[in-house]
Amino acid sequence: MTDPILATDGITRSFGALVASKDITLDLRPGEIHALIGPNGAGKSTLIQQIAGGLRPDSGRVLLGGADVTHLGTAARARMGIGRTFQISSLAMDHTVLQNVVLGALGHRGDVFRFFTRVMKDAELIDVAERALAQVGLSDARNMRTAELSHGQRRQLEVAVALTLNPRVFLMDEPMAGLGTEGTAQMVGFLDGLRAQAPILLIEHDMDAVFALADRISVLVYGRIIATGTADQIRANPQVREAYLGEEGAA
Ligand code: ADP
Ligand code: MG
């Protein structure tokens, strides 16, 4: 088996009496989409935050390319190749599409104090941003105000921001949330191709999208992973059906 690019090793995290992550061990292998599913409040976003560095586990480790990054902050982990998109958008709505990508690229380079108008003349940064926009199909919208984009285009823009640091892995928290049928189909097609560039840990509620994309699925319930397997294994797992799939009517 190929070595995983990203792994968690026994991550545990409590908020007061609530154990939001219980001894979570999972990994992300080259070329794969690993979906993390589970009911609201199961602890999916909390786990992603601990992998990205915004929240420290009480115990356990996060490993990137075999290196222990548990004690590094978000910016250091981003520079080491952890790219992410958020459940709640972090875009600057009054800025243009291109400016948002440049700002993202700038954050990754750590040059956050440089003056914005000078930044927009930085040919290298703009080149990185333009390439990211082209990859998500937003080149034509580069000079639009971000507020004018459709919901689906904003989701694409968030992926473009993540692409600017050339990530080794992607963490995506509900990238299809709020998208219609067409937007979801577009995003599914896009993520399907993106996995060749870097594997994706994908939190998603849309089970059709999950079953279409995921090489492996882990099911999180009350902070604990109750099963990891292929789509077929997860569909057939009685515990999973009872805890999650049954109640959604998915099969
Ligand atoms: P999911 O993303 O699976 O819907 P979350 O990871 O957002 O779930 O939340 C898991 C649980 O942890 C929930 O019960 C939530 O209320 C709780 N939780 C998350 N973040 C905090 C926090 N900063 N302080 C206290 N409780 C939190
Ligand atoms: Mg969440």
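Quick caveat, the model's predicted, so the values are computed rather than measured.

Q: Run through the domain arrangement of the protein, naming residues and quoting values.
A: As far as domains go, the protein holds domain 1 (1–81 + 167–251) and domain 2 (91–166). For domain 1 and domain 2, the distance between their C-alpha centres works out to 26 Å. On the domain 2 side, the residues contacting the 17 residues of domain 1 number 13 residues. With both chains or domains summed, domain 1 and domain 2 bury close to 1200 Å², and 62% of this area falls on carbon and sulfur atoms. For the pair domain 1 and domain 2, the interface holds 0 salt bridges. Taken together, the links from domain 1 to domain 2 amount to 2 residue pairs in polar contact (both at pLDDT 80 or more). When residues of the side of domain 1 that touches domain 2 are traced back to their parent elements, those giving at least two are α2 (74–79), β7 (169–173) and α7 (181–194). It is α7 that contributes the most residues to the side of domain 1 that touches domain 2, 4 residues altogether. Across the side of domain 1 that touches domain 2, the residue classes break down as 10 nonpolar, 3 polar and 4 charged.

Q: Lay out the pattern of salt bridges with the relevant residues and their values.
A: With the rule as written, the count across this model stands at 11 salt bridges. For R142, the salt bridge identified is with E130, shortest N-O distance 2.5 Å. Taken together, the residues R142 in the loop between α5 (123–136) and α6 (151–163) and E130 in helix α5 connect sequence positions 12 residues apart. Among the residues examined, R142 registers a relative accessible area of 26% and is labelled partly exposed. On the accessibility criterion, E130 (22% relative accessible area) is partly exposed. Between R195 and D192 there is a salt bridge, with its nearest N and O atoms 2.3 Å apart. According to the relative accessible area criterion, R195 is buried, its value standing at 12%. By relative accessible area, D192 is classed as partly exposed at 39%. Residues joined by salt bridges that share partners form a network here, namely D27, R29, E32 and R216.

Q: An account of the sheet that holds β7 is requested, with residue identities and associated values reported.
A: Read across the sheet, 6 strands follow the order β6-β7-β8-β3-β9-β10 without closing on themselves; strand pairing throughout is mixed. A single partner strand is all that each edge strand has here, and the edge strands are β6 (82–85) and β10 (224–229). The mean inter-strand angle of the sheet, taken between neighbouring strand axes irrespective of direction, is 20 degrees. As paired strands, strand β3 (residues 33–37) and strand β8 (residues 200–203) are joined by 4 bridges and run parallel to one another. Of the residues in β8, the one forming a bridge with H34 is L201.

Q: Which residues make up the site of ligand 1, and what are the values?
A: Looking at ligand 1, the residues that line it are F15, L18, A20, P39, N40, G41, A42, G43, K44, S45 and T46. One nitrogen or oxygen atom from the main chain of A42 is found 3.2 Å from an oxygen atom belonging to ligand 1. Here ligand 1 has 560 Å² of accessible area as a free molecule, and 58% of this is covered by the chains. The set of elements that each furnish at least two residues to the shell around ligand 1 consists of β2 (18–28) and α1 (44–52).

Q: Quick rundown of the packing of aromatic side chains? Include the residues and the values.
A: Each aromatic ring pair is summarised here by two numbers: the centre-to-centre distance and the angle between the ring planes. This model, assessed by the stated rule, comprises 0 aromatic pairs. Cation over ring: R235 sits above F211, and NZ or CZ is 4.1 Å from the ring centre.

Q: Mind laying out the environment of A129, listing which residues take part and the relevant values?
A: Here A129 lies in helix α5. With a relative accessible area of 0%, A129 lands in the buried category. The spatial distance from the C-alpha of A129 to the C-alpha of G66 is 29 Å, given a sequence separation of 63 residues. Other than its neighbours up to four places away in sequence, A129 contacts L98, V101 and V102.

Cut-offs used in this document
- Residues numbered from 1 in each chain as written.
- Chains lettered and ligands numbered in written order.
- Predicted model: local features only at pLDDT ≥ 70, side-chain atom pairs only at ≥ 80, totals over all residues.
- Heavy atoms only, no water.
- Domains from an automatic or database assignment.
- Contact = heavy atoms within 4.5 Å.
- Buried area = accessible area lost by both parts, 1.4 Å probe.
- Salt bridge = Lys/Arg side-chain N within 4 Å of Asp/Glu carboxyl O.
- Polar contact = N/O pair within 3.5 Å; in protein donor to acceptor, adjacent residues only side chain to side chain.
- Helix = DSSP H or I, 4+ residues; strand = E, 2+ residues; numbered from the N terminus.
- Nonpolar A, V, L, I, M, F, W, Y, C, P; charged D, E, K, R; others polar.
- Buried < 20%, exposed > 50% of the residue type's maximum accessible area, 1.4 Å probe, protein only.
- Pairing = 2+ DSSP bridges.
- Axes fitted to C-alpha atoms, helices over the stretch in contact; angles between N-to-C directions.
- Near = heavy atom within 4 Å.
- Areas by Shrake-Rupley, 256 points an atom, 1.4 Å probe, with all protein chains shown as cover.
- Phe/Tyr/Trp six-rings, centres within 6.5 Å; stacked < 30°, edge-to-face > 60°.
- Lys NZ or Arg CZ within 6 Å of the ring centre and 35° of its normal.

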